[in-house]
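# Structural characterization, general
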Amino acid sequence: MNRVIRWSALIVAIPIAAQVHAQATLTLGPKLAVVCETVKPGMGPAHDTHEDRWSRTVEAMKGFQPGLAVQSMTGPGVSCWMTALANYAAWGKLNDAYSSDAAYVKAIPSLVGPEAQYLSASTASFLSFRPDISSSADLPNMLTNRFIIFEAWRIRVGQEALFDAGAKAYFSAARRAGIAVSVQLYQTLVGAAGTTFWVFAGHPTMADYDSDLMNDSRIFGAMNAEEKKAWEEMLARALVSMDAHLWSINSSQSVL
């Protein structure tokens, strides 16, 4: 699989400043290609070494696309890679660039071949940013963060409007309470059910999530009757399940 759609991952946070090729900014983008790999128990260090080599191979390409790697700190050991793209056309163009780069094509067998010994599963998805139900239409610079909580909200088919209303109610109450939140919502286009929404919230330190917990109670307390109804209807009638995990950004496996 081409590296373009391979970006989330494992264990300990590494400061972005340690990345030799680090650029100043990196946003998630209007579209997001995401590949996640579930790592077999005990294979984490070997898999990390392998992925570091893969990232350096990509960086040797002319005109490579920057991508962010993150590693799971909760739940199964999972490595993901996220590549920001403008649209499907940009995704196809980048895949063509990988396929036509002689050095990269030559290296592919030695990169793909060992994967089976490290992995028990892998998934690939293509997501679309939903500014209308995010905290803002602006995408933040992810390189200011070391940690990301992202959640997968699975919504019943036909009940997407209830989810949209619940999200808007939350952010409306946050603004009324004077609480600044930075949360980005993406909707799956391909790779999973179209009613799967990804919710991203990044922070420089883990202590920031303590503040988030306290702010949540203030936000829900600030909801008016209409907002409370929208939120409760979303939970009762639209939500199938929600998985939340904490991730650390891995600069050595990012391509910057």
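Residues numbered from 1 in each chain as written. Predicted model: local features only at pLDDT ≥ 70, side-chain atom pairs only at ≥ 80, totals over all residues. Heavy atoms only, no water.

### Considering the layout of surface pockets
Where we set the bar: A cavity here means a set of 1 Å grid points, computed over protein atoms only, where a 1.4 Å probe fits but cannot escape. A pocket is an open set with protein on both sides within 12 Å along at least 5 of 7 lines, and lining residues have an atom within 4 Å of a point. Grid points are joined across faces, edges and corners, and a volume is the space filled by probe spheres set on the points. Only runs of H or I of at least four residues qualify as helices and only runs of E of at least two qualify as strands under DSSP, and these elements are numbered from the N terminus. Charged means Asp, Glu, Lys or Arg here, nonpolar means Ala, Val, Leu, Ile, Met, Phe, Trp, Tyr, Cys or Pro, and polar covers whatever is left, Gly included.
The computed volume of the largest pocket comes to approximately 690 Å³. Along the wall of the largest pocket there are 31 residues; nearest its centre are Glu151, Tyr170, Val183, Ala201 and Asp216. Elements supplying a minimum of two residues to the lining of the largest pocket: strand S6 (147-155), helix H5 (160-176), strand S8 (196-203), helix H6 (207-222), helix H7 (225-238) and strand S9 (239-249). Of the residues forming the lining of the largest pocket, the biggest block, 9 residues, is contributed by H6. Grouping the constituent residues of the lining of the largest pocket by class yields 21 nonpolar, 5 polar and 5 charged.

### Remarks on the confidence of the model for the protein
Inclusion rule: Scored between 0 and 100, pLDDT is the confidence that the predictor attaches to each residue. Residues count as neighbours in contact if any of their non-hydrogen atoms are within 4.5 Å of one another.
Across the protein, pLDDT averages 89, with 91% of residues at or above 70. Mean pLDDT across the elements of the protein ranges from a minimum in strand S1 (residues 8-9), with 29, to a maximum in H7, with 98. Note that residues 1-22 has pLDDT below 50 and, in this model, 112 contacts with residues that lie over four places away or in other chains.

### Remarks on the side chain of glutamate 59
For clarity, the cut-off: Identification of polar contacts relies on pairs of N or O atoms within 3.5 Å, with a donor-acceptor requirement for protein atoms, meaning one able to donate a hydrogen and the other able to accept it, and with residues adjacent in sequence counted only if both atoms are side-chain atoms.
Looking at where glutamate 59 falls in the secondary structure, it is placed in helix H1 (residues 44-59). In terms of polar contacts, glutamate 59 uses its side chain to reach the side chain of arginine 56, at 2.8 Å.

### What to know about the packing of aromatic side chains
To be explicit about the condition: Under the pairing criterion, centres of Phe, Tyr and Trp rings, with the six-membered ring standing for Trp, must be within 6.5 Å; the plane angle then separates stacked pairs below 30 degrees from edge-to-face pairs above 60, leaving the rest tilted. Remark: exposure states derive from per-residue accessible area (1.4 Å probe, protein chains only) relative to the maximum for the residue type, with buried under 20%, exposed over 50%, and partly exposed in between.
Per the counting criterion, the structure on display carries 17 aromatic pairs. Ring geometry for phenylalanine 220 against tryptophan 231: centres 5.3 Å apart, planes inclined by 55 degrees, an arrangement best described as tilted. Taken as a pair, phenylalanine 220 in helix H6 and tryptophan 231 in helix H7 lie far apart in primary sequence, 11 residues in all. Using a relative accessible area of 30% as the deciding quantity, one classes phenylalanine 220 as partly exposed. Following the ring pairs from residue to residue traces out a cluster consisting of Trp153, Phe163, Tyr170, Phe171, Phe197, Phe220 and Trp231.

### Considering the environment of histidine 47
Here histidine 47 is to be found in helix H1. Sequence spacing of histidine 47 and arginine 156 is 109 residues, and the spatial spacing of their C-alpha atoms is 36 Å.

### Notes on the state of the cysteines
What counts, and what does not: Cysteine sulfur atoms that come within 2.5 Å of each other are treated as a disulfide pair.
Using the criterion set out here, one finds 1 disulfide in the structure. What pairs with cysteine 36 in a disulfide is cysteine 80, and their sulfur atoms sit 2.1 Å apart. Disulfide cysteine 36-cysteine 80: the torsion about the S-S bond is 110 degrees, which places it as right-handed. Linking cysteine 36 in strand S2 (residues 31-39) with cysteine 80 in strand S4 (residues 78-85), this pair joins segments that are 44 residues apart in sequence. For cysteine 36, a relative accessible area of 12% puts it in the buried group. Residue classification places cysteine 80 among the buried residues on the basis of a relative accessible area of 0%.

### A closer look at the environment of isoleucine 133
Turning to its location among the elements, isoleucine 133 is positioned in the loop between strand S5 (119-129) and S6. Residues isoleucine 133 and threonine 38 lie 95 residues apart in sequence; the distance between their C-alpha atoms is 30 Å. In this structure, isoleucine 133 is in contact with Phe163, Asp164, Ala167, Lys168, Phe171, Leu185 and Phe197, ignoring residues within four places of it in sequence.

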